[in-house]
Amino acid sequence: MDRQATFTQLYREHYDSVLCYAARRTDADTARDIAAETFLVAWRRLAAVPQDPRFVRPWLYGVARRVLSNAERSRRRELLAAHLQNQHSAPDHVRDLADSVAGQMQLDQALQRLTERDREVLRLIGWEELDICEAALAMGCTRAAMAVRLHRARRRLALALQATEQPSAAAAVGGK
Amino acid sequence: MMTTSQKNAELIRQMMAAGNPAPAGSLRGSWRDSRGEATYLRIIARPQPRSQPGVRFPRQWPPRLLAGIGAATALAAAAAVALTIVAGRAGPAVIATPANLDYHLTGIQQPLTATQLPSARPVLLRLARTAARQPSPTQPPGTDIGYVLTKEWNMTVAVAGGTSSTALTPQLDQTWTSPDGSFRQVERSGQPQLIGAGSQVTNQAVGAAPTLRVLSDRTAAQFGPLVQHLPTDPAKLRATLIHDARPYTFKSHAAPVPWYLFRTIAGIGHEVLSPQLTAALWRVLAAMPRVHYLGTTVDRAGRAGEAVATDFGGRGNERLVLIIDPSTGRLLDEEDIFMTNPGKLTIRNFPAVIGYVVYLRQGWTVTMRTPAP
């Protein structure tokens, strides 16, 4: 299969997933930009895309994560610059919140208490539904390291949920 | 028995599900909405990195994939990539292409433009009647795997120090399709035939050893319609084929409907076609505008055929040709031709054949590793 055909198949199969990944972490418009930039990287580095189809999506998530990180650094610099100039800055559209369901809001509050790394581990496993190996690829660490990170992130989430007064949810994640 | 990590993962999924801002499936189909399409087109418009020496230049579209997506533009871009600098300063290299087949129209002098060619309708209706009279191929008990053997062509070019070498590499493909839509294709490249000799370096670059590649996929929809689901009523068949081609097309590359039909027919030619379905396909084409008769010909396997064609009219004025056996109504060949230079292709003469598929054999077999007799 030639290069463009390979890329087109990649795009068709995984664009929606990458867009979902981005949409779970930022606003809708930025999510589109993140997805576009991710696939531009894939186009330029097509030879680096894993041959094993199981690892293509995690690889793309790894790229998207770095693209998103760069975008957020740029936005924070812009916000800081606006603040320093005493200008009214536009709202930091981190992401749209889900509807006001108590559990969802408290989950979100609990997640905000965690480090970004813990949040990413939980999102990759919980929302992107990757397994340990795939999540390790996406985050650029070993499988063993990912297993440890997942265990710790789960415990920290449980503690954070307890702090937001969601005992039933904390029990569901086995907080000890 | 779940490991601790698996248990952790499952607990996390249960808890995180309620707070998912973009649940699975909520953005399904985004790849082909207006923004997804625009992103795709913007990306592939970027220049491709230089290819490696002796890069193979395969047919631009596996017939069962990508029907109609930017065909002319993609071909021109890929052809440019195929001119690879191996070492030193390279001058322009002329790409050699397979010989054009000869098409004969009684009493009419060739070559003809599309507007001068007669309609293919009478010929296609005759071929449809011929196909409908054929007996259904015998399907031995226990065999439900369709098997098709095709010969295809790809081109390899290498450029170095102002010289170039071009080789035509024949490719033999075996395609197995099961009733559940699973699919296996084995591509085997033959010995490259050097048709434009350059330096020792470039000759070696194009004369790579034969390769074997095995493709398999379990997604029927990805490879076009399964023929057992296709209606044999021409009107319903036309609607189904056009509908099934839609996922593989983008609005900005809108091509005439006959173009999509030719592409799809060439694609499903990799499955075993019944005489009734074959007849229906020719009746569908007979009712379409812009389908022309090129005349009689001898195909690349030495078989007599009747050639019908449709033109895209885009860059390169691309023409698709289907060659049909007049004695059985079966599809023999597909040819892809640039009638004019789409841009910067250094091909000596136009019209130029840029790809072909020769359908050699079809039948039924018991496994996806056994050719049909």
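Only a predicted model underlies this, so the values are computations on that prediction, with no experimental measurement involved. (Residues numbered from 1 in each chain as written. Chains lettered and ligands numbered in written order. Predicted model: local features only at pLDDT ≥ 70, side-chain atom pairs only at ≥ 80, totals over all residues.)

Would you mind going over the overall build of chain B with me for this structure?
The helix and strand inventory of chain B stands at 8 helices and 11 strands. Split into buried and exposed, the 373 residues of chain B put 46% on the buried side. Taking the contacts inside chain B whose residues are at least 6 apart along the sequence as the reference set, 70% of them involve residues at least 24 apart. (Helix = DSSP H or I, 4+ residues; strand = E, 2+ residues; numbered from the N terminus. Buried ≥ 20, exposed ≤ 12 C-beta atoms within 10 Å, placed from the backbone. Contact = placed C-beta atoms within 7 Å.)

Whenever I open this one, the overall build of chain A confuses me. Can you help?
Check the secondary structure of chain A and you find 8 helices and 0 strands. Reading the helices (α) and strands (β) of chain A from amino to carboxyl end gives α-α-α-α-α-α-α-α. Taken across its 176 residues, chain A has 40% of its residues classed as buried.

Explain the environment of B:T296 here, please?
When you line up the elements, B:T296 lands in strand β7 (residues 292-298). Taking the C-alpha atoms as reference, B:T296 lies 9.3 Å from B:V308; in sequence the two are 12 residues apart.

Even after reading the chapter, I still don't get unusual backbone geometry, so can you show me in this structure?
Among all residues save glycine, negative phi is the norm, and among peptide bonds the norm is trans. The backbone phi angle of A:E129 is positive, close to 55 degrees, even though this residue is not glycine. By C-beta crowding, A:E129 is classed as partly exposed, having 15 other C-beta atoms within 10 Å. A positive phi is found at B:R290, a non-glycine position, where the angle reads about 65 degrees. With respect to the helices and strands, B:R290 occurs in the loop between α8 (275-286) and β7.

Explain the pairing of β7(B) here, please?
Residue and element names in this part refer to chain B. As paired elements, β7 and strand β8 (residues 304-311) share 6 bridges and run antiparallel to each other. Each bridged residue has a counterpart across the sheet, and for T296 the counterpart in β8 is E306. Counting the residues that bridge the hairpin from β7 to β8 gives 5 residues, and of these G302 lies at a positive phi of roughly 80 degrees. (Pairing = 2+ DSSP bridges.)

Can you walk me through helix α7 (residues 143-163) of chain A in this structure?
Think of an α-helix as 3.6 residues a turn; residues three or four steps apart then line up on the same face. Compared with an ideal rise of 1.5 Å per residue, which puts 21 residues at 30 Å, α7(A) spans 30 Å between its outermost C-alpha atoms and is within 8% of the ideal. Looking only at α7(A), the buried set comprises A:M146, A:A147, A:R149, A:L150, A:A153, A:R154, A:R156, A:L157, A:A158, A:A160 and A:L161. (Expected span 1.5 Å × (residues − 1).)

How do you make sense of the nonpolar core when you look at a structure like this?
One recurring pattern in soluble globular proteins: nonpolar side chains tend to sit buried together. Counting 54 residues, the largest nonpolar core has A:L19, A:A22, A:A35, A:A64, A:I125 and A:A135 as its most contacted members. The leading source of residues in this core is helix α1 (residues 3-23) of chain A, at 9 residues. Here this core spans two domains, since at least three of its residues come from each of domain 1 (1-96) and domain 2 (98-176) of chain A. If we skip the residues at most four places from it in the chain, A:L19 touches A:A31, A:R32, A:A35, B:L27 and B:S30. (Core = buried A, V, L, I, M, F, W, Y, C linked by C-beta atoms within 7 Å. Domains from an automatic or database assignment.)

Would you take a moment to explain the confidence of the model for chain A for this structure?
Residues and elements named next belong to chain A. Here chain A shows a mean pLDDT of 79. Residues at 70 or above account for 74%. Looking at the elements of chain A, mean pLDDT is at its lowest for helix α8 (residues 167-172), recorded as 45, and at its highest for helix α5 (residues 116-126), recorded as 93. Scored below 50 in pLDDT, residues 86-101 makes 19 contacts in the model with residues more than four places away or belonging to other chains. Across residues 166-176 the pLDDT falls below 50, and counting only partners more than four positions away or on other chains, this stretch makes 26 contacts in the model. (pLDDT = per-residue confidence, 0-100.)

What should I look at first to understand the environment of B:Y147 in this one?
All names here are of chain B. Mapped onto the elements of the fold, Y147 is located in strand β2 (residues 145-160). For the pair Y147 and A372, spaced 225 residues apart in the sequence, the C-alpha separation amounts to 6.0 Å. Apart from the residues lying within four places of it in its own chain, the contact partners of Y147 are W176, Q362, G363, W364, T365, P371 and A372.

How should I be thinking about helix α2 (residues 34-44) of chain B in this particular structure?
The complete set of buried residues in α2(B) reads B:G36, B:T39, B:Y40 and B:I44. Taken end-on, α2(B) shows its buried residues confined to a sector of 120 degrees, consistent with a single buried face. Exposed side of α2(B), more than 90 degrees from the buried face: B:S34 and B:R42 are the residues found there. Summarising the contacts, the buried residues of α2(B) are in contact with α1 and α2 (28-44) of chain A. (Arc of directions from axis to C-beta.)

Sorry if this is basic, but what is going on with the packing of helix α4 (residues 121-132) of chain B against α8(B) here?
Residue and element names in this part refer to chain B. Between α4 and α8, the shortest axis-to-axis distance is 8 Å and the interhelical angle comes to 170 degrees. If you check the angle between α4 and α8, you find them roughly antiparallel. Residues R121, L124, L125, L127, A128, A131 and A132 of α4 form the contact with α8, whose own contacting residues are P275, Q276, T278, A279, W282, R283, L285 and A286. Its residues placed into classes, the contact of α4 with α8 shows 11 nonpolar, 2 polar and 2 charged. (Axes fitted to C-alpha atoms, helices over the stretch in contact; angles between N-to-C directions. Parallel < 35°, antiparallel > 145°, perpendicular 65-115°, else oblique. Nonpolar A, V, L, I, M, F, W, Y, C, P; charged D, E, K, R; others polar.)

Is there a simple way to think about the confidence of the model for chain B in this case?
Low pLDDT marks stretches whose predicted atomic positions should not be read closely. Residues and elements named next belong to chain B. With 64% of its residues at a pLDDT of at least 70, chain B reaches an overall mean of 73. Per-residue pLDDT, averaged within each element of chain B, yields its smallest value for strand β1 (residues 56-57) (32) and its largest for α4 (96). Counting interchain partners and residues more than four positions distant, the pLDDT-below-50 stretch residues 51-92 has 132 contacts. Predicted as a complex, the structure gets a pTM of 0.51 and an ipTM equal to 0.78.

Help me understand the packing of α5(A) against helix α6 (residues 132-139) of chain A, please; the structure alone is not making it clear to me.
When two helices pack together, their arrangement is given by the angle between their axes and by how far apart the axes lie. All names here are of chain A. Running from N to C, α5 and α6 cross one another at 135 degrees; their axes reach a closest spacing of 10 Å. Considered as vectors, α5 and α6 are oriented oblique to each other. The handedness of the crossing between α5 and α6 comes out as right-handed. Together, E120, V121, L124 and I125 of α5 and A135, A138 and M139 of α6 make up the contact between the two elements. Per-class residue counts for the contact of α5 with α6 are 6 nonpolar, no polar and 1 charged. (Left-handed = near helix turned anticlockwise from the far one by under 90°.)

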